[in-house]
Amino acid sequence: MIGISTTSYSGRSRETFERWLERVEELGFEFVELVSEWPNFLTKETWRAYSEILESFGLEVTVHAPFSDVNVGSLNERLRRASLEVLKETLEVASLLNAFVVTVHPGHCSPASRKYRKDYNRVHRHSLKELERLSKEFGVKVGVENMPSFPILDAQTPERLAELLEGINLGVTLDVGHLNTVGFPFELFMELLGDRIVHVHLHDNSGKSDEHLPLGRGTVPWRRVLPELKGLSWALEVSSIRDAKESLAFLRSVGVL
């Protein structure tokens, strides 16, 4: 199943969203991934508008939870609880939208969490256990995403993501582009986390930074990887409809669409 993220949508109005969805459907996408970020947050106040528009289209839905200013690994308890409340609301509205998966980011590091590593790991895993409970409460599958190479981000490697999730019943969203920024340990990822993968993000880069290029423009070894990921939902995380169209053409050229 192939879908497209609203990372390729830059509008703010009902009319522009409808036009974008028309293009999405014309291109043959089967689902849209609603990224709950500024300026298009998905909340209890806004979800009905999305639902009403989507009813006119034959598209399924996934959701990407907010990540800017959200940190479930914060050692500041008030900020950690606020982050969990944001994610709780996201899971609730995702359930109302019949989303089949919600992608969430793990916590990220701060000067305090680097100094007090054991405390950081404890509160971080406590938050992930709370997400497990919320996933069950709202009946929505959750995929914790692997992060790209960037100083403050956690769970960049499969070993670290597996460590954080040990004993916690949450899925994983494999972001192939992110994995390429940390040396592309794909086989190790599949060995440690393959049975947890509930969703996949596709985009390309040069291996140096998280560029979100169209597929085929970077160094990801797609011909080796994509056959291993058949049967999973794939969301294109590119920056425009033009980039999405280019990515679809690439997927067809390698024989996976």
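Residues numbered from 1 in each chain as written. Predicted model: local features only at pLDDT ≥ 70, side-chain atom pairs only at ≥ 80, totals over all residues. Heavy atoms only, no water.

S.K.: Would you take a moment to explain the overall build of the chain for this structure?
M.R.: What the chain contains, in helices and strands, is 10 helices and eight strands. Against the 2.2 N^0.38 benchmark of 18 Å for 257 residues, the chain shows a C-alpha radius of gyration of 18 Å, consistent with a compact globule. Structurally, the chain occupies a C-alpha span of about 50 × 40 × 30 Å along its principal axes. The buried share among the 257 residues of the chain stands at 54%. Put simply, 76% of the contacts in the chain that link residues at least 6 apart link residues at least 24 apart. (Helix = DSSP H or I, 4+ residues; strand = E, 2+ residues; numbered from the N terminus. Rg over C-alpha atoms; globule rule 2.2 N^0.38 Å. Buried < 20%, exposed > 50% of the residue type's maximum accessible area, 1.4 Å probe, protein only. Contact = heavy atoms within 4.5 Å.)

S.K.: Can you help me understand the packing of helix α5 (residues 117–138) against helix α6 (residues 158–165) in this one?
M.R.: Relative orientation and spacing of two packed helices are given, respectively, by the angle between their axes and the distance between those axes. At a minimum axis separation of 9 Å, α5 and α6 run at an interaxial angle of 70 degrees. Here α5 is positioned roughly perpendicular relative to α6, judged by the angle of their axes. Note on element contacts: α6 touches α5 through R160, E163, L164 and L165, opposite R117, Y120, N121, H124, R125 and L128. In terms of residue class, the contact of α5 with α6 is made up of four nonpolar, two polar and four charged. (Axes fitted to C-alpha atoms, helices over the stretch in contact; angles between N-to-C directions. Parallel < 35°, antiparallel > 145°, perpendicular 65-115°, else oblique. Nonpolar A, V, L, I, M, F, W, Y, C, P; charged D, E, K, R; others polar.)

S.K.: Explanation requested: the packing of aromatic side chains in the structure shown.
M.R.: Counting across every chain of the model gives six aromatic pairs. Ring geometry for Y9 against W20: centres 5.6 Å apart, planes inclined by 50 degrees, an arrangement best described as tilted. Taken together, the positions of Y9 in the loop between β1 (2–5) and α1 (14–26) and W20 in helix α1 put the pair 11 residues apart, joining distant regions of the chain. Overall, the relative accessible area of 5% leaves W20 in the buried class. An aromatic cluster is defined as three or more aromatic residues linked by ring pairs; in this entry it consists of Y9, F17, W20 and Y50. (Phe/Tyr/Trp six-rings, centres within 6.5 Å; stacked < 30°, edge-to-face > 60°.)

S.K.: Help me out: how do you make sense of helix α2 (residues 47–54) in this one?
M.R.: Every α-helical turn comprises 3.6 residues, leaving residues that sit three or four positions apart pointing alike. Those residues of α2 lying buried are W47, Y50, S51, I53 and L54. On an axial view of α2, the arc spanned by its buried residues comes to 165 degrees, and they lie on one face. Buried residues along α2 sit against α1, β2 (31–35), β3 (60–64) and α3 (77–96). (Arc of directions from axis to C-beta.)

S.K.: Quick question: what am I supposed to make of the pattern of salt bridges here?
M.R.: For side chains of opposite charge, pairing can occur when their charged atoms come near one another. Applying the stated criterion across every chain yields a total of 13 salt bridges. A salt bridge links E130 to R133, with the shortest nitrogen-to-oxygen separation between them at 2.7 Å. Here R133 and E130 lie together in helix α5, a separation of three residues that amounts to about one turn. The exposure class assigned to E130 is buried, which follows from its relative accessible area of 18%. Salt bridges linked by common partners bring R14, E18 and E52 together as one network. (Salt bridge = Lys/Arg side-chain N within 4 Å of Asp/Glu carboxyl O.)

S.K.: Could you clarify how one ought to interpret the environment of L27 in this entry?
M.R.: Among the secondary structure elements, L27 is positioned in the loop between α1 and β2. The class of L27 is buried, set by a relative accessible area of 14%. Each C-alpha atom, one on L27 and one on K230, is 20 Å from the other, the two residues being 203 residues apart in sequence. Here L27 is in contact with I241, K245, L248 and R252, once residues within four sequence places are set aside.

S.K.: Sorry, what's going on with the sheet that holds strand β6 (residues 171–175) here?
M.R.: Hydrogen bonding along the main chain pairs the strands of a sheet, whether they run parallel or antiparallel. Pairing within the closed barrel is parallel, and its eight strands lie in the order β1-β2-β3-β4-β5-β6-β7-β8. Shown here is a sheet whose adjacent strand axes are inclined to one another by a mean of 30 degrees, direction ignored. Examined bridge by bridge, β6 and strand β7 (residues 197–202) share four bridges and lie parallel to one another. Its bridge partner being in β7, T173 is matched across the sheet by H199. Along the sheet, α1 makes contact with β1 and β2, crossing β2 at roughly 145 degrees. (Pairing = 2+ DSSP bridges.)

S.K.: Just checking my understanding: could you explain the packing of α6 against helix α8 (residues 186–193) for this structure?
M.R.: Interaxial distance between α6 and α8 falls to 9 Å at its minimum, and their mutual angle equals 15 degrees. For the element pair α6 / α8, the angle class is roughly parallel. Like other packed secondary-structure pairs, α6 and α8 cross with a definite hand, here right-handed. Of the residues in α8, those touching α6 at P158, E159, L161 and A162 are L188, F189, L192 and L193. (Left-handed = near helix turned anticlockwise from the far one by under 90°.)

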